[in-house]
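Observations on the three-dimensional arrangement
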Amino acid sequence: MSLATKVDELMPRLHPGWKHLILEENLAKMTGIEVAQRILRACGRTDVKVCLLQDERNCYSPMLNWIGLSEDVAGSRSVMAAAIAAHEIGHAIQPKFEEKLCRSLKNSPLLHLGLLGELCILMFQVVREMHEWLKSVPLSERQPQDQGSDQRSQIHQFQQNLKLSKLHHQRHLSHLVIVLVKWGLILLLCPFYLTLYLTLGLAITIVIMILIPLSIFCALICRGLIFLSELHASFWAIRLLKQHKILDIHQQKAARKFLLAAALTYLGGCSIDRLFA
């Protein structure tokens, strides 16, 4: 599991009154890595290691059984850093919830349909972005600029068409016979092909009309399950921060708002793979 920690993206979700609180120094004056190590020792989870990551991700890996913190979080004494470290500990100390969720989704049709739904959503987003880009590009930029080359190409095309027309005129009779035979066969087989095409077209239309909305619905369900998992870890994080007196009351409220805003990002993006990180 990993948590989105880009403050610039999460700040608009927070009330202006909470923004300065999540960036101020926490009550215990501990860095993010110190918060993680202290809480893990107090919980008796010395088997979980805390590692420093070079990228901006903050995550817990159940397969490797370690917590990864970014440099900004590991070395910061802010309320935000403490909240993120405690959130990843929340994933580590209550793995049964996550294991049941992953086990139930791993071989479930819901996961496969959800992945297909995420692909459909991505395609819709790409089409929308292309439409917005085409609207923003001036019409003059889409038209060819070299008019002289256009005239030369038109003359060349006319000459080629003239040669082709002479050739077609010589073969007109044989071509006409072939066309008549072809249309005769088509008319004889028309009822069969018409029935086949209508059946296939109807089947494909039904599948598309049912499968695409169903897959998108399954993708939204998977996003909702991940959101609940993040909320569960955030609940444990606030409880641990309060229990070990790392944040005061006001800082706890600010951390709760921040973690909620981070969890909401999972509802708006493709994050099914986070279940198996």
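Scroll up a little and you will see the structure.
Residues numbered from 1 in each chain as written. Predicted model: local features only at pLDDT ≥ 70, side-chain atom pairs only at ≥ 80, totals over all residues. Heavy atoms only, no water.

**Notes on the packing of aromatic side chains**
The final tally for this structure, using the stated rule, is 0 aromatic pairs. Sitting above the plane of the Trp236 ring, Arg239 keeps its charged end 5.0 Å from the centroid. (Phe/Tyr/Trp six-rings, centres within 6.5 Å; stacked < 30°, edge-to-face > 60°. Lys NZ or Arg CZ within 6 Å of the ring centre and 35° of its normal.)

**Focus: the packing of helix H3 (residues 32–42) against helix H5 (residues 79–93)**
The contact between H3 and H5 brings their axes to 8 Å, and the two run at 40°. At the point where H3 passes H5, the crossing takes the right-handed sense. Contact with H3, carried on its side by Gly32, Val35, Ala36, Ile39 and Leu40, involves Ala81, Ala82, Ala85, Ala86 and Ile89 of H5 and no other residues of that element. Residue composition of the contact of H3 with H5, grouped by class: 9 nonpolar, 1 polar and no charged. (Axes fitted to C-alpha atoms, helices over the stretch in contact; angles between N-to-C directions. Helix = DSSP H or I, 4+ residues; strand = E, 2+ residues; numbered from the N terminus. Left-handed = near helix turned anticlockwise from the far one by under 90°. Contact = heavy atoms within 4.5 Å. Nonpolar A, V, L, I, M, F, W, Y, C, P; charged D, E, K, R; others polar.)

**Focus on the packing of H5 against helix H11 (residues 249–264)**
Here H5 crosses H11 at 60°, and the two axes come no closer than 10 Å. The element H5 and its partner H11 pack so that their crossing is right-handed. Residues Val79, Met80, Ala83, Ile84 and His87 of H5 form the contact with H11, whose participating residues are Gln251, Ala255, Phe258 and Leu259.

None of the figures reported here should be taken as evidence of function without further support.
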